[in-house]
Structure formats: C-alpha cells, structure tokens
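Fold and contact review
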Protein chains: 2
Amino acid sequence: MNGAERLVRTLLDESVDVCFTNPGTSEMHFVAALDRVDGMRCVLGLFEGVVTGAADGYWRMARRPASTLLHLGPGLANGLANLHNARKARSGIVNVVGEHARAHVALDAPLTSDIEAIARPMSHWVQTIGSPAGVEVAARAAVQAATEPPGRIATLVLPADCAWTEEPAGAPRVARAPRPAAAAPDAEAIEAAAAVLRSGEPTVLLLGGEACHEAGLEIAGRIAAASGCALMTEFAVARVARGAGRVAAQRVPYVVDAAVAALAPYRNIVLVGAREPVSFFAYPGKRGRQAAPGTRVVEVADATQDPTAALAGLAEALEARRLAPARVAERGAVEAPDGPMSLEGIGRVVAAVLPEQAVVVDESVSSGRGFGGPTAGAAPHDWLTGTGGSIGFGLPTAIGAAIAVPGRKVLALEGDGSAMYTVQSLWTMAREGLDVTVLVFANRSYRILLGEYAGVGAGSPGPRATDMLSIDRPTIDWVGLARSMGVEAGRASDLGELARELRRGFASPGPYLVEAVL
Amino acid sequence: MNGAERLVRTLLDESVDVCFTNPGTSEMHFVAALDRVDGMRCVLGLFEGVVTGAADGYWRMARRPASTLLHLGPGLANGLANLHNARKARSGIVNVVGEHARAHVALDAPLTSDIEAIARPMSHWVQTIGSPAGVEVAARAAVQAATEPPGRIATLVLPADCAWTEEPAGAPRVARAPRPAAAAPDAEAIEAAAAVLRSGEPTVLLLGGEACHEAGLEIAGRIAAASGCALMTEFAVARVARGAGRVAAQRVPYVVDAAVAALAPYRNIVLVGAREPVSFFAYPGKRGRQAAPGTRVVEVADATQDPTAALAGLAEALEARRLAPARVAERGAVEAPDGPMSLEGIGRVVAAVLPEQAVVVDESVSSGRGFGGPTAGAAPHDWLTGTGGSIGFGLPTAIGAAIAVPGRKVLALEGDGSAMYTVQSLWTMAREGLDVTVLVFANRSYRILLGEYAGVGAGSPGPRATDMLSIDRPTIDWVGLARSMGVEAGRASDLGELARELRRGFASPGPYLVEAVL
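Here we summarise the structure given alongside this text. (Residues numbered from 1 in each chain as written. Chains lettered and ligands numbered in written order. Predicted model: local features only at pLDDT ≥ 70, side-chain atom pairs only at ≥ 80, totals over all residues. Heavy atoms only, no water.)

**Description of the overall build of chain A**
Where we set the bar: Labels follow the DSSP assignment, with helices taken as runs of H or I lasting at least four residues and strands as runs of E lasting at least two, numbered in each case from the N terminus. Only C-alpha atoms enter the radius of gyration; for comparison, a globular chain is expected to reach 2.2 Å times N to the power 0.38, where N is the number of residues. Between two residues, a contact is recorded if the distance between any of their heavy atoms is within 4.5 Å. Residues scored as charged are limited to Lys and Arg (positive) and Asp and Glu (negative), so that His and the chain ends carry no count. Throughout, a charge is located at the NZ atom of Lys, the CZ atom of Arg, the CG atom of Asp or the CD atom of Glu.
Tallying secondary structure elements over chain A gives 21 helices and 18 strands in all. For 518 residues, the compact-globule formula gives about 24 Å, and the C-alpha radius of gyration of chain A, at 24 Å, lands near that figure. Overall size of chain A, expressed as C-alpha extent along the three principal axes, is 65 × 60 × 45 Å. In chain A, the share of contacts with a sequence separation of at least 24, taken over all contacts with a separation of at least 6, comes to 81%. Each charge class in chain A was averaged separately, 47 positive and 54 negative side chains, and the resulting centres sit 3 Å apart.

Structure below.
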C-alpha cells in the first residue's frame, strides 16, 4: 500500500469520508487511491475557494470534518479566503495539500512555494509529512487537530513521493484516538454570571457558536424566563436555529449605530461562546466596542468550552430548568405577498415559502439586512451567516451544507456582487444534483459599499468612485450564467414571480437559481 | 489632503497610473480620492485573482508597474495565486492592501488577519504604513521595490485611519528617485561563456526573462551565427518575441522525456537570464534536472542582471555584432486549413489568422502544446506563457496586456478547465471594451491530468479518478457563459468555423469568445 492509499484509509477510519477536491499532478496518487478504497465521497470544484467553502458548510451542518485536496501552494492560496471564514466560523477542516516530491523542492520548479507559510495565517495546525512511513500518524494527528473544540483548521502537506512510495514494513501504526471533548465550563464563572442574572439589572445573554443551536437556545430561553434577561446572538454566527416554535434571539445588528442602540439598554452582557461585540470595521470618530462604556461583561464559556453545558449550569443555578421558554408563535399557512419588488417584501416572501427544516445560507450582504424580522416566524430552519467577512463564502457553503444534510432544502441568499467571487460553485451544484435554491439579489452594485462610503466619512461618491462600486456595466444575466453551468434558472421582477420561482426551486430536486431584479 | 489622496498622488508621480481594484470598506478613502485626483485609470475586477493577474499582464507588456487595490487579508489571499505567477514572471507590481484602522486591529473583528504574513510568501517587499505622516515615503519605497530589476512584488498595507486622516504638516516629503538599474553583467562570466561558445562543442544558449524580447533574440541570433550554438528559451517565460522575420528560439518542452531529449545533444548550456532546466513536477524514477549528467552549465547573467547587455557582451567577445542572424522566413498570405477539428489544425488556423503584433496569452495547457511549430512563422507577435504553474493566469493577464498596449490585438488561449478559475475576467473585458479574443479549448476534462496520471506511475484512471479529471458533467456552455457577462461569442466545430470565428473576434473592437469544441 502506498502513502496515498494509507492516507485515504486513515481518513476513512477517522470518519472523514467526504473530500472536496481540485487536484493537480502532485495529488494524482491520492486520486488514484480513490479507485482502490471504497467509501470516500469526492466532490470536484472548479476553483479552490469552492472546495474550502464547501468544507466549511459541511462542518457547520454535519459537525464533523470533511477533507479538501488542494494543489500545492497556489491551490491552497486560492482556498485561503474561505479558510479564513471557516476559521472564524470555528469549523473543523482537514486540508490535504500536495507538495512536490521532497527532492524536487530544492530545484525551485515553477510551482514551488513555501506551503507551510501560506497555510499558517489561516490554519491552527500545519504539518508536512516527513517520510512514507509517517503518513498514518500525521493523518490521525490532522483529524485530531481539526476536531479539537470548537473546530479547527488543520493543514497536512503531502509530498508527492510520500504519496507514491510503498509504506515501509514497520511503519508506525496507531489506533484512532477518541475525539477531544470541549472543556467543561468553569463553576465560578457560572456562579458569577448567575449572580449578574439574579441582580435584576438589565442584562443580555449574548450567544455565539454552538450556543445558537437548538439545544442551546432552548436552555437560554429558560434562563430568560427565570431572570428576565434578553437573548441575543453575535452578528456573525456560523449557524443559528430559528423559526416557529423555537426560542428567538435577536442578532446584534451590522450597522454600528444600530448595534450600539441595541446594546445600550443593558448594564450587563453575559457571554456564552460569544465575544464582546465589536464593529466589523472602524469608522472615524466611532468606538470599535459596541457596548456602552461601563457595561459589565461576564464570560461564562469561551470558544473552547462547551457552551451548552455552560447554559445548563446557568439554568441550574437559576432554578430555571423546568421553566417554559418563550417561543416564536407557530403560524398557520402564510400567504406570500404580491406586488412590486422590495427588500421588505422579499423577506416576507422568503418567510412564506421557506420549507420546513431548510438551511438558509445568507450572503445577501446589504439586501438581506432586514430579513431577520419577517423570517423569525417562518418554518423551523437553520440560518448560516458569513463569519469572517470574506465575500464568496455563500455558494460554496451551500454546497457543503447540501452534502451534509441531503434530506433538507438549502436556500442560498446571494448578492450579485458576492455571488461572482465563487460563481464556479454553480457547476458543482449541477454535477452533484444538490438540492440548493440560489436567490440572487441583482441590484447591480456593491450596494453595501455605497453605504460604507458615507459611513467612513468619504461623503458622496463622485463618478469614478461610483464606477468602482457599480457592476451594471455590463449587467450580468444570471439566468444565462446559471444555465451555462447546467443550473436551471428563472427571473423574478415582482414579488408574485419571486414566490413562484422560489417554490419552483424548492420543488425541483436539483439546483435552481432565481434572479430577483431589484 | 488625507493619506489616501497622498497615496494616489504619489503613485501617479511615480508613473503608476493604472490601478486594478476590488475594494471594500477599508479602501473607500482610496476610492474617494480618485474623484479628487486626475490620471489614475481604475479597472474593476469582480474577483481578486483577476486584479493581480491583470497587473502581471500589464507589467509584461508595459514594463512598468500597475497597482492593485485589495480588501484586507482575504482580498489579498484571493490574489495570491496570480501574484505567485507574477513573481515567477519577474513582474513588478505595487499591491495596496487596505487594513483596519490601527486601533481596530486589536479588537479582532471578523476580517482581521495577519496581512503581512499572508503577503510574504508571494512578495519580495512588504510594509505597513505606520502613521498618516508616513504615506508618501512608504509609497515611493513600494514603487522603488517593485521596479527593482527584473521586477518585484511589493505589498503596501494601508491602515484605514492612515488613509482617512489629514496628512500632518511637516510630514516627510521625498522626491522621486531614479529607477534602479539592472546590474551590469560580469565581464569574467562573459569571457567564460565566450570561451565555451568558441570551443566548437555542441552548446545551447538558453534564454529567459528579457533576453527573450526582440532585442535580446536579435543579438542571440548573431551569437548563434558566429558560434553555431543552438538557441532555446526556458519552458516558462513571461514574454517571447516570435514570428516571421524574427530570430527563433526553441522552447524547452514541458514533457520530461521530450525536454531531456531536446537538451541531450549539448555538452554545454549557457544561461542568459535563465535557470538550468528542471521538470515542472517530479516523477518516480526520473531526474528533476533535465540536462544530461555531465553537461557544463555556465551562467552569464542571472535574473537581476541586464540580459541584453550580457548578450551584447557575448556578441562583442565573439565578434558577432555585424553578423546577420538566421530569421524565420517572411511568409505570404497563408490559407487557414479547413476540415475536422484537430489540435494540429488549430495551431495552423491560429498561425494563419493571427494579426500583426498580436499578443498571445497562452494558458492552453495540454491543447496548445504543439502550437510552437505551426505558429513559428506567423505574423510577428509576443507570446506570454504561465510562469508559476498556477492555473487561472490567462484571462487576467490578457486584461492587463490589453490595457498596456491598447493598439494591439490580444489572443487568449484557454483550456476550459483553466478558464474557469478566473472566469470573472470576461466581465472586466466587456466593461473595459478590451480588444481580446478568447479561444477556449472545450475538451471537457482536465486533459493534462489524464497524461500526468500515467506520468507519475498511477496507471490508468478508474471510474472515480476519471470523474475527478472530467468536467463534462455538466458540459459548460461557453457561448452562454460569455454572453451572460456581456462578451459576444461563437462556437466552432471544425477548422473552417474556427478560422471564421477567430477572424470575427479580431475584427471586433471589444472582446469576443470562441468555443472550440474538441
């Protein structure tokens, strides 16, 4: 058995059985091993940002890592931006990056680069396999690193000769280790937070990471029932459980003044898997921290600690375990509105047509900012947002989510600007027949930047600045673009058409793209 | 004047007057400055790989740097792969990367990353502007670094507050320094190489970098006339002058066995701006160095030395200055062949229809491997190849070339797999009305990898491997894809249609895409 086959077998033994790939010559033995080993689902992306973003989406829904297969330093480089997002989403990923054969590196061939240096800024763990005997030990260490709570980026560099050489007799064999468990929350921190919650002072319980999943929100709802605290989630959360019958938590707004206003009523912030809110960007004359000066901030669980256990501890301390949380009202059938296109109306259409247990991937940027309200009472769903601010995460994340939970419908909300960064994703959706409906907001501009332009004190854009923030020359034909990559598509010019088109997308088993002309 | 305006003014004063951009919030003041300062041509790309690749193409043809404008660490990350190619092409580029305001970095907002660490693997020079007073000095240093021979990647990080803050009175002003000159070749090295060339032993003069431009080849042709040496260029060269009436130099082949065979006849290799040939990849049981063992290798000029002066010195030493070089025969009008599509036939069609002074950007990967012969006698042209092996350089490089030499026709040869990496380039071509004809070889596979698969000793691909190397499910409709981004397009199924379609592309003033169905 050669090193590549050993690597595939070890990944499978570690329950890593999905590989998002964009291989090249140095990865050919890994590709060849796929025909000798059963069980690895390989998904091809035509650009590496698709590959790494898909692995992010896969972790968010499957809660176990996928692997990627990337071609040397430049292939890894193309995947870095979505690894940045995945890192901030606390997703676990095992990157396998092919490297030249060890003797070839010194020759400085065209594709030679410092792969470890490229990997490090976006990876928690980086290791280059040192010999054909070392494949199994390194691969297990990589998976172990990727699954260290809450989830980490592990990058394993595989020299081509370590892939193609037969594993020597006597190569170290190691058993699969148990997955590392999240650290238990600190009892004193729980007691300190409970005291704050008992104080009667206006307090917000701010949730991040897994605390925003259904189980965490459920307990948080009981804590709110016992203490009267408010519930909020961070602005950027990998996955939030939402919808009718669920416990609602307000998202900290993106816009600085709105975030400051939302947090202003509270004298205390209790953090569970969350960090103190800071602005996405700095603006002249505005503070970066969004809580009012003097607000007391108490952390119950940091990102590495079990947030659900922390919430359970808090509920116990507050004798809240048997209380009934406030839930979003169950709704009967809701009629989708008709009429001219508006962002507010789109939010109501999405809420009306969203299928039960849908996964919404939200890269709507400015267009979807107001969707929180209208969709709060939609059918139960998970809402996945961008976590690292790097544009181009949405379509790839939708791919990974669709592969992780094949029985559920995926809705990707995309700005037209943002959808272009990793537009090759459409092809992979078609190839894999993924049940993804893509809603593109065709406002034909980097609309968010028109707002940010004023926000940073630059005034009103003149003609040259406007030109750099507009993408209407030429307009992009999203229906034609989707069809060119094998994705059926339709255009909607009013809310009635939008509802019809979205329903068509959800009814079809494969991908469907809807261009909403704004 | 704020820092952003100072930066734009300084770049212009340094003759950097083209900026390829994909800006975000942290770069808004740079964008705003464009409306207050005349003279900077800004070209928007919808993905950062388009931006950096365009800057590479611009340098290759204009021989002076463009700037890029990139959004924090992830924006830079998306541009890294084409910076890798640019670095290996020895292109000079000034990257301007926006960073959070200095006080905001410590808050670890979502987009925070270690920008300098991301930049370093692909940059020769990295600097973060330290204060609003330091913009001009840093900007001039960046341009100086980018123009250091032969051309370097300089990355300047611009914190948002240094952009938006008024330049303080007394900020250091510096004058534009003269451009750094290439080092003169070493007289002893010239004499040693001249001795080799005089020896009568079979010798090849191997050219790289600027030695492959028209002036260098002209002198090289005289040296060949005097000494009987052969002329070759490296496999991966940023730009080679070719065509009728020019001095021809054979390109070292990509395939290892062919490269070894091509170099086997020579006892000596004289390097001028070139490096000793090594294989692109390592293959089991094959040497990485392609020259026969025992071949004497003599370097006359390394990458930092003036290769044209080195060639002139050699010609002087060999008393070759007045000799007439062998030239590729001038040809009369050549009829494009008709008949079924074949790679050999496509090469002949390209040769027949290529306009005078065209710029050919070659990312045809496997399809164009045999084009060297048929196109050798085409109308005079420049041929630009991938230098770093990272796929996705072709369309962006064509953008930069078209902007650098607007009077010349650009032909981009693209594999269908390779064209997908930075397919957003088509939109920029349409927006800027660039005179680029794109020829896509629709073989619906990563054809090169099917060859590499056998080359690395993996045998014949089984069904799963074949699946990872095929892009025919679904097929990509290149005509529809181009049109969706505003680029007119046509399909060719035989050589007659191909000739007609290419001529249509060259006749139209804007971009045109031809899908050659293989």
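**Focus on the packing of helix α15 (residues 394-404) of chain B against helix α17 (residues 425-432) of chain B**
Residue and element names in this part refer to chain B. Applied cut-off: Fitted lines through C-alpha atoms serve as axes, helices being fitted only where they are in contact, and the angles separating the N-to-C directions of these axes extend from 0 to 180 degrees. In what follows, roughly perpendicular refers to angles from 65 to 115 degrees, roughly parallel to angles under 35, roughly antiparallel to angles over 145, and oblique to any angle outside these ranges. Throughout, a crossing is termed right-handed when the near helix is turned clockwise from the far one, and left-handed when it is turned anticlockwise from it by less than a right angle. Under the scheme applied, nonpolar residues are Ala, Val, Leu, Ile, Met, Phe, Trp, Tyr, Cys and Pro; charged residues are Asp, Glu, Lys and Arg; polar residues are all the others, including Gly.
Where α15 meets α17, the axes come as close as 9 Å, and the angle between the chain directions of the two elements is 20°. Taken together, the axes of α15 and α17 are roughly parallel relative to one another. Viewed along their axes, α15 and α17 form a crossing whose handedness is left-handed. In this structure, α15 uses Leu395, Pro396, Ala398 and Ile399 to contact α17, whose residues at the interface are Ser425, Thr428 and Met429. Grouping the constituent residues of the contact of α15 with α17 by class yields 5 nonpolar, 2 polar and no charged.

**Observations concerning the relation of the copies chain A and chain B**
Just so we agree on the cut-off: Overlaid copies result from least-squares superposition on C-alpha atoms, with residues included only where pLDDT is at least 70 in both.
Superposition of chain A onto chain B requires a rotation of 180° combined with a translation of 0.0 Å along the rotation axis, giving an RMSD of 0.0 Å. Such a turn and shift between the copies fits a two-fold axis. The residues that chain A uses at the interface reappear at the interface of chain B in 100% of cases, marking a shared surface.

**Structural notes on the pattern of salt bridges**
The test is simple: Basic side-chain nitrogens of Lys or Arg form a salt bridge, by our definition, when they fall within 4 Å of a carboxyl oxygen of Asp or Glu. Only protein chains enter the calculation, and the probe is 1.4 Å; a residue is then buried if its accessible area is under 20% of its type maximum, exposed if over 50%, and partly exposed in between.
What the rule picks out here adds up to 80 salt bridges over all chains. Its salt-bridge partner being glutamate 432 of chain A, residue arginine 41 of chain A comes within 2.9 Å of it at the nearest N-O pair. Taken together, the positions of arginine 41 of chain A in strand β2 (residues 41-44) and glutamate 432 of chain A in helix α17 (residues 425-432) put the pair 391 residues apart, joining distant regions of the chain. When its relative accessible area of 34% is taken as the criterion, arginine 41 of chain A is described as partly exposed. Notably, a salt bridge pairs aspartate 38 of chain B with arginine 464 of chain A, separated by 2.5 Å at the nearest N-O pair. Of this pair, aspartate 38 of chain B sits in the loop between α2 (28-33) and β2 (41-44) while arginine 464 of chain A sits in helix α19 (residues 463-469), placing the two residues on different chains. Residue classification places aspartate 38 of chain B among the exposed residues on the basis of a relative accessible area of 60%. The class for arginine 464 of chain A is partly exposed, based on a relative accessible area of 34%. Several salt bridges converge on common partners, so that one network encompasses Arg6, Asp13, Glu14, Glu136, Arg140, Glu167, Arg173, Arg176 and Arg179 of chain A.

**Here we look at the sheet that holds strand β9 (residues 240-242) of chain B**
All names here are of chain B. Threshold: Two strands qualify as a pair provided that DSSP identifies no fewer than 2 bridges between them.
With mixed pairing, 7 strands are arranged side by side in an open sheet as β9-β14-β13-β15-β16-β18-β17. The outermost strands of the open sheet, each flanked by one partner alone, are β9 and β17 (488-492). Neighbouring strand axes in the sheet, compared pairwise and without regard to direction, differ in orientation by 20° on average.

**Here we look at the interface of chain A and chain B**
The cut-off we apply is this: In short, buried area is how much 1.4 Å probe accessible area vanishes from two parts on joining, totalled over both.
Between chain A and chain B, the residue contacts involve 95 residues of the former and 96 residues of the latter. Summed over both partners, the interface of chain A with chain B comes to about 7,900 Å²; 64% of that surface belongs to carbon and sulfur atoms. When the buried surface of chain A facing chain B is broken down by residue, Pro110, Arg431 and Met468 of chain A rank first, second and third, together holding 9% of it. Inspection of the chain A/chain B interface yields 8 salt bridges.

**A look at unusual backbone geometry**
Note that the residue after proline 149 of chain A, namely proline 150 of chain A, is joined by a cis bond; omega there is 0°. Among the structural elements, proline 150 of chain A can be located in the loop between α7 (135-146) and β6 (153-159). Cis geometry is adopted by the peptide bond preceding proline 474 of chain A, which originates at arginine 473 of chain A and carries an omega value of 0°. Examined against the element boundaries, proline 474 of chain A turns out to sit in the loop between α19 and α20 (478-484). Positive phi values are uncommon outside glycine, yet aspartate 108 of chain B reaches one of about 55°. One can find aspartate 108 of chain B in the loop between α5 (102-105) and α6 (115-119). Given a relative accessible area of 33%, aspartate 108 of chain B falls into the partly exposed group. Even without a glycine there, the phi angle at glutamate 319 of chain B is positive, about 50°. Relative to the assigned elements, glutamate 319 of chain B resides in the loop between α12 (307-317) and α13 (343-353). Note on glutamate 319 of chain B: relative accessible area 70%, which makes it exposed.

**Things to note about the side chain of serine 418 of chain B**
Spelled out, the test is: Any N or O atom pair separated by 3.5 Å or less is treated as a polar contact, with the protein-specific requirement of one donor-capable and one acceptor-capable atom, and with residues adjacent in sequence counted only for side-chain atom pairs.
Relative to the elements of secondary structure, serine 418 of chain B occurs in helix α16 (residues 416-421). Here the side chain of serine 418 of chain B touches glutamate 363 of chain B through a polar contact of 3.2 Å, landing on its backbone oxygen.

**Quick word on the packing of aromatic side chains**
Applicable threshold: Geometry of aromatic contacts follows a simple scheme: Phe, Tyr and Trp rings, the Trp one being its six-membered ring, pair when their centres are within 6.5 Å, and the pair is stacked under 30 degrees between planes, edge-to-face over 60, tilted otherwise. Note on geometry: a ring has a charge over it if NZ (lysine) or CZ (arginine) is within 6 Å of the ring centre and within 35 degrees of the ring normal.
Per the counting criterion, the structure on display carries 15 aromatic pairs over all chains. For the pair phenylalanine 47 of chain A and phenylalanine 47 of chain B, a centre-to-centre distance of 5.3 Å together with 85° between the ring planes defines the contact as edge-to-face. Of this pair, phenylalanine 47 of chain A sits in the loop between β2 and α3 (48-62) while phenylalanine 47 of chain B is found in the loop between β2 and α3 (48-62), placing the two residues in two different chains. What makes phenylalanine 47 of chain A buried here is its relative accessible area of 1%. Through successive ring pairs, a cluster of aromatic residues spans Phe47 and Tyr421 of chain A together with Phe47 and Tyr421 of chain B. Lying across the ring of tryptophan 383 of chain B, arginine 242 of chain B places its NZ or CZ 4.9 Å from the centre.

**Here's the deal with the pairing of strand β11 (residues 268-272) of chain B**
Residue and element names in this part refer to chain B. The element β11 is extensively covered by neighbouring structure, given that 5 of its 5 residues are classed as buried. Residues Asn268, Val270 and Val272 line one face of β11 and the alternating positions Ile269 and Leu271 line the opposite face, and both faces are buried. Bridge analysis of β11 against strand β12 (residues 296-301) gives 5 bridges, and the strand direction is parallel. Counterpart to valine 272 in the pairing with β12 is alanine 301.

**Some words on the nonpolar core**
Keep this limit in mind: By nonpolar core we mean a set of buried residues, namely Ala, Val, Leu, Ile, Met, Phe, Trp, Tyr and Cys, connected to one another through side-chain atoms within 4.5 Å.
In this structure, Phe20 of chain A together with Phe20 of chain B are the most contacted members of the largest nonpolar core, which totals 221 residues. For phenylalanine 20 of chain B, the residues in contact, after removing those within four places along its chain, are Val43, Val51, Ala54, Ala55, Tyr58, Ala66, Ser67, Thr68, Leu69, Ile399, Gly400 and Ile403 of chain B.

**Re the sheet that holds strand β8 (residues 230-233) of chain B**
Residue and element names in this part refer to chain B. Ordered by their spatial adjacency, 5 strands build an open sheet running β10-β8-β7-β11-β12, and the pairing between neighbours is parallel. Unpaired on one side and paired on the other, β10 (250-251) and β12 mark the two borders of the sheet. Judged from the 2 bridges that link them, β8 and β10 form a sheet pairing that is parallel. Bridge pairing in β10 links threonine 233 to arginine 251.

Any functional reading would require information beyond the geometric quantities listed.
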